[in-house]
Structure formats: structure tokens, C-alpha cells
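In case you want the letters, here they are:
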Amino acid sequence: VNEDDNPLRFRIVEQLPEYPGGMVAFMKWITSNLRYPLMAQRQHIEGKVVVSFIINKDGSISGAKVEHSLDQEALRVVRLMPKWKPGLEKNKPCRTLFAIPINFKL
């Protein structure tokens with residue numbers, strides 16, 4: 001991996017990646033696409049899932065991973081996401097690590 005392409009190097013970038021329509025549109029998209037797993041509902045499982053992923057130079061998503069239970073649904077919804085406007089470093093698109101908590105509450 002070219003050092004300039006290492007997303008861990010770009011946790012702080014000059015210009016952050018941007019979801020189409022901004023963060024309000026992002027949260028609406030997550031909310032409308034997320035489905036509470038039936039098995040988790042039946043077992044009354046609730047919790048926060050922290051999903052991290054890389055926004056690539058072309059705005060696509062890669063490297064999605066989670067830290068807690070309810071992970072498969074959180075990964076599924078992140079993988080469905082449309083392309084973002086990528087982050088910029090020195091006025092050039094760069095890969096950027098992004099993490100977001102997803103709350104599952106019955």
C-alpha cells in the first residue's frame with residue numbers, strides 16, 4: 001500500500017468526506033435502510049454497534065467492520081451505502097477512515 005493511500009494516515013484530513021446531501025441525509029438514509037434483526041428482537045437484544053469503514057478516493061466504501069453484536073445488520077446497511085464525496089488532502093481525493101455508532105433499541 002502506498003503511504004499516501006493508507007487510510008489510517010488520514011483520520012484527520014483537510015476536507016472531510018461528505019455523504020450526498022450531508023449528515024442529515026446520511027442519518028435519514030441509515031434510518032430508512034436499517035432493519036432490526038428479527039432474532040435480536042425476539043431475544044430483546046439492544047445495543048450500540050460502532051461501524052468503521054474506509055471512504056475511498058472515488059467515494060466508494062470498503063473495509064467495513066464492527067465492534068459489537070448486531071453486527072451483520074450494521075455491516076449490511078453500510079455496504080448498501082451510495083458513494084460519498086471523498087475527503088481531500090492537498091486538494092486531492094484521499095482514502096479516509098470513518099466510524100459511526102448505530103443504536104439498536106426496541
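**Brief notes about the sheet that holds strand 2 (residues 61-66)**
Logical step 1: Overall, antiparallel pairing links the three strands, which are arranged 2-1-5 in an open sheet. Each end of this open sheet is capped by a strand with a single partner; those strands are strand 2 and strand 5 (96-104). Across this sheet, the average inter-strand angle for adjacent strands is 25 degrees, counted without regard to direction.
Logical step 2: Bridging between strand 1 (residues 47-55) and strand 5 involves nine bridges; their strand directions are antiparallel. Its bridge partner being in strand 5, Phe-53 is matched across the sheet by Phe-98.
Logical step 3: Against the sheet, helix 3 (residues 71-80) engages strand 1, strand 2 and strand 5, with an angle of about 165 degrees to strand 2.

**A closer look at the packing of aromatic side chains**
Aromatic ring pairs are described here by two measures, namely the spacing of the ring centres and the angle between the planes.
Logical step 1: The tally for this structure, following the rule as stated, stands at seven aromatic pairs.
Logical step 2: Ring centres 5.4 Å apart and planes at 40 degrees place the aromatic pair Phe-53 and Phe-98 in the tilted group. With a gap of 45 residues between them, Phe-53 in strand 1 and Phe-98 in strand 5 connect regions that are remote in the sequence.
Logical step 3: The class for Phe-53 is buried, based on a relative accessible area of 0%.
Logical step 4: Aromatic ring contacts, followed pair by pair, group Tyr-19, Phe-26, Phe-53, Trp-84 and Phe-98 into a single cluster.

The rules behind the values
- Residues numbered from 1 in each chain as written.
- Predicted model: local features only at pLDDT ≥ 70, side-chain atom pairs only at ≥ 80, totals over all residues.
- Heavy atoms only, no water.
- Pairing = 2+ DSSP bridges.
- Helix = DSSP H or I, 4+ residues; strand = E, 2+ residues; numbered from the N terminus.
- Axes fitted to C-alpha atoms, helices over the stretch in contact; angles between N-to-C directions.
- Contact = heavy atoms within 4.5 Å.
- Phe/Tyr/Trp six-rings, centres within 6.5 Å; stacked < 30°, edge-to-face > 60°.
- Buried < 20%, exposed > 50% of the residue type's maximum accessible area, 1.4 Å probe, protein only.

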